[in-house]
Amino acid sequence: MAERPRTTSQPDPRCVDCGCDAPELDQEQTLRSTLGWRLVFERQRDGSNKALWRCPPCWQKYKQRRASRPDR
Ligand SMILES: [Zn+2]
């Protein structure tokens, strides 16, 4: 498995849950606000933050998961 070197200038606009690609738009702001995509930064084990996108349906599920398991 070859791991690509990461350029962290731009988060990968792809849903982390279902893997669908975000529609290509000029700006992330537009992507989020008009289509309901959400970007969250999740703390990784090594202490870094990773940018994770979720599409609207997966964001709803994600919120429900968190709500039902508030300690995780
Ligand atoms: Zn999704």
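Residues numbered from 1 in each chain as written. Predicted model: local features only at pLDDT ≥ 70, side-chain atom pairs only at ≥ 80, totals over all residues.

Engineer: Residue-level account of the overall build of the chain, with values.
Structural biologist: In terms of regular secondary structure, the chain is built from two helices and two strands. Of the regular secondary structure in the chain, the N- to C-terminal order runs α-β-β-α. Burial analysis of the chain (72 residues in total) assigns 7% to the buried set. (Helix = DSSP H or I, 4+ residues; strand = E, 2+ residues; numbered from the N terminus. Buried ≥ 20, exposed ≤ 12 C-beta atoms within 10 Å, placed from the backbone.)

Engineer: An account of the environment of Val 40 is requested, with residue identities and associated values reported.
Structural biologist: Position of Val 40 among the secondary structure elements: in strand β1 (residues 38–43). For Val 40, a count of 13 C-beta atoms within 10 Å gives the class partly exposed.

Engineer: Report on the confidence of the model for the chain, specifying residues and quantitative values.
Structural biologist: Looking at the chain as a whole, its pLDDT mean stands at 78, while 65% of the residues score no less than 70. Across the chain, helix α2 (residues 56–68) holds the top mean pLDDT of 92, while helix α1 (residues 28–35) sits lowest at 66. (pLDDT = per-residue confidence, 0-100.)

Engineer: Account for the pairing of strand β2 (residues 49–54), with residues named and values stated.
Structural biologist: Note: β1 against β2, six bridges, orientation antiparallel. Bridge pairing links Phe 41 to Ala 51 in β2. (Pairing = 2+ DSSP bridges.)

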